[in-house]
Amino acid sequence: MSDSLAPDAVAPHIRGRFGKPYRYEPECESTQLLLLGSGLAEGATAATDHQTEGKGRHGRQWVAPPGSSVLASLMLHPPAERHLPELSLVAALAAAEAIEGATGLTAQIKWPNDVMLNRRKVAGILCELSDGAVVAGIGLNVNQARDELPLDAPTEPGSLRTLTGRTYDRAALLGSLLFRLERIYDGWRHGGLDDLYGEIGARDFLRGRRITIDGEEATALQILRNGQLEVATGNGHGETRTIESGEVLFER
Ligand code: BTN
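All values derive from a computational prediction rather than experimental measurement.

Asks: Lay out the overall build of the protein in plain terms, naming residues and giving numbers.
Replies: Of regular secondary structure, the protein possesses six helices and 12 strands. Its C-alpha radius of gyration of 17 Å places the protein within 12% of the 18 Å reference for a compact globule of 252 residues. Overall, the C-alpha framework of the protein stretches about 60 × 45 × 30 Å when taken along its three principal axes. Expressed as a percentage of the 252 residues in the protein, the buried residues total 56%. Taking all contacts inside the protein whose residues are at least 6 apart in sequence as the whole, residues at least 24 apart take part in 62%. Total accessible area on the protein is roughly 11000 Å²; 47% of this is exposed by carbon and sulfur atoms. If the 26 positive side-chain charges of the protein are averaged to one point and the 34 negative ones to another, these points end up 5 Å apart.

What follows is the structure, given as structure tokens:
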């Protein structure tokens, strides 16, 4: 089994244009920084076995022990007519499919950017804009033991190992993720979320849950066709509103 994301381990699993060129560092601050401002073409990918300053959303750190995770960033050049916040869902769907392919379990998408397995967050997506391009970063918890997961995460974390009792080949997972993301992204590029909506809606983790969104309590209704989250506010008087971005906490 491969224990590294080095090019010779990953190359046999690259089947399309995503993953080319492939830049690997055994250790780096953040794979995002390897691509931001690089001007590289769509599909360029940076990966590492350890980040010393891994970036999460909302200014948080993304922490994982060396050699435990898939840590990768991908350069995308979306067309101007596409709504960029939807890209988190596009990447989350690809990560969910890759996890399902490896584990045989159904993964869910916690709007707007988390992937859940058995109610634990196993992957997060960070999309950053850079000169009209998007650097999409994906952190997937693979082989961490329970005591190697962060204690202070707002959504309880898990790894594929803690949730299934098995370890996984990270290079194969990365290849699968890139291949699925390329197909899903190409669909989105041509037609937006419409064709993907069924796949996303079927994995909507928050649907029907009591949530707190940026401090306000609500009930999540659904991810909409435009990628926004529809919630019911108030006390059951039928008031709804849509949310474009934010951090959602849910009741366990
Ligand atoms: C989140 O907060 O859920 C998003 C986490 C994104 C982490 C990934 S790991 C690879 C890439 N490089 C980073 O520094 N962050 C992203």
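Asks: Go over the environment of V10 with me, naming the residues and quoting the values.
Replies: Here V10 lies in helix α1 (residues 7-10). Considered as a pair, V10 and A172 are 162 residues apart in the sequence and their alpha carbons are 6.8 Å apart. Residues in contact with V10, not counting those within four places in the same chain, are L5, Y22, A171 and L174.

Asks: For the layout of surface pockets, give the residues involved together with the corresponding values.
Replies: As a volume, the largest pocket reaches approximately 590 Å³. Every residue lining the largest pocket is counted, 38 residues in all, and those nearest its centre are G56, R57, Q61, W62 and K121. Those elements giving two or more residues to the lining of the largest pocket turn out to be α2 (31-35), β3 (69-76), β6 (120-130), β7 (133-141) and β12 (248-250). In terms of residue class, the lining of the largest pocket is made up of 15 nonpolar, 15 polar and eight charged. If you count residues domain by domain, the lining of the largest pocket takes at least three from each of domain 1 (7-201) and domain 2 (206-250). Of the pockets and cavities examined, the second largest pocket occupies roughly 340 Å³. Every element with two or more residues in the lining of the second largest pocket is listed here: α3 (86-103) and β6. Broken down by element, the residue count for the lining of the second largest pocket peaks at five residues, all from β6. Its residues placed into classes, the lining of the second largest pocket shows 11 nonpolar, six polar and four charged. Per-domain counts for the lining of the second largest pocket show at least three residues from each of domain 1 (7-201) and domain 2 (206-250).

Asks: Give a detailed account of helix α5 (residues 170-191), specifying residues and quantitative values.
Replies: Helix length check: α5, at 22 residues, gives a terminal C-alpha distance of 31 Å against a target of 32 Å (1.5 Å per residue), a fit within 8%. One side-chain oxygen at the N-terminal end of α5 lies 3.0 Å from the backbone nitrogen of A171; it belongs to D169. Following α5 by one or two positions, G192 adopts a phi angle in the positive range, close to 70 degrees.

Asks: Quick one: what's the story with unusual backbone geometry, residue by residue and with numbers?
Replies: Along the chain, K20 connects to P21 via a cis peptide bond; the corresponding omega equals -5 degrees. Position of P21 among the secondary structure elements: in the loop between α1 and β1 (22-25). Omega for the peptide link from W111 to P112 comes to 0 degrees, which places this bond in the cis form. Looking at the element boundaries, P112 is found in the loop between β4 (108-110) and β5 (114-117). In this model, H58 sits at a positive phi of 55 degrees, which is unusual for a non-glycine residue. Note on placement: H58 falls in the loop between β2 (45-48) and β3. At R119, a residue that is not glycine, the phi angle is positive and equals roughly 70 degrees.

Analysis parameters
- Residues numbered from 1 in each chain as written.
- Predicted model: local features only at pLDDT ≥ 70, side-chain atom pairs only at ≥ 80, totals over all residues.
- Heavy atoms only, no water.
- Helix = DSSP H or I, 4+ residues; strand = E, 2+ residues; numbered from the N terminus.
- Rg over C-alpha atoms; globule rule 2.2 N^0.38 Å.
- Buried < 20%, exposed > 50% of the residue type's maximum accessible area, 1.4 Å probe, protein only.
- Contact = heavy atoms within 4.5 Å.
- Areas by Shrake-Rupley, 256 points an atom, 1.4 Å probe, with all protein chains shown as cover.
- Lys, Arg positive; Asp, Glu negative; His and termini not counted.
- Charge placed at Lys NZ, Arg CZ, Asp CG, Glu CD.
- 1 Å grid on protein atoms, 1.4 Å probe; cavity = no way out; pocket = protein on both sides within 12 Å on 5 of 7 lines; lining within 4 Å.
- Points joined across faces, edges and corners; volume = space filled by probe spheres on them.
- Nonpolar A, V, L, I, M, F, W, Y, C, P; charged D, E, K, R; others polar.
- Domains from an automatic or database assignment.
- Expected span 1.5 Å × (residues − 1).
- Polar contact = N/O pair within 3.5 Å; in protein donor to acceptor, adjacent residues only side chain to side chain.

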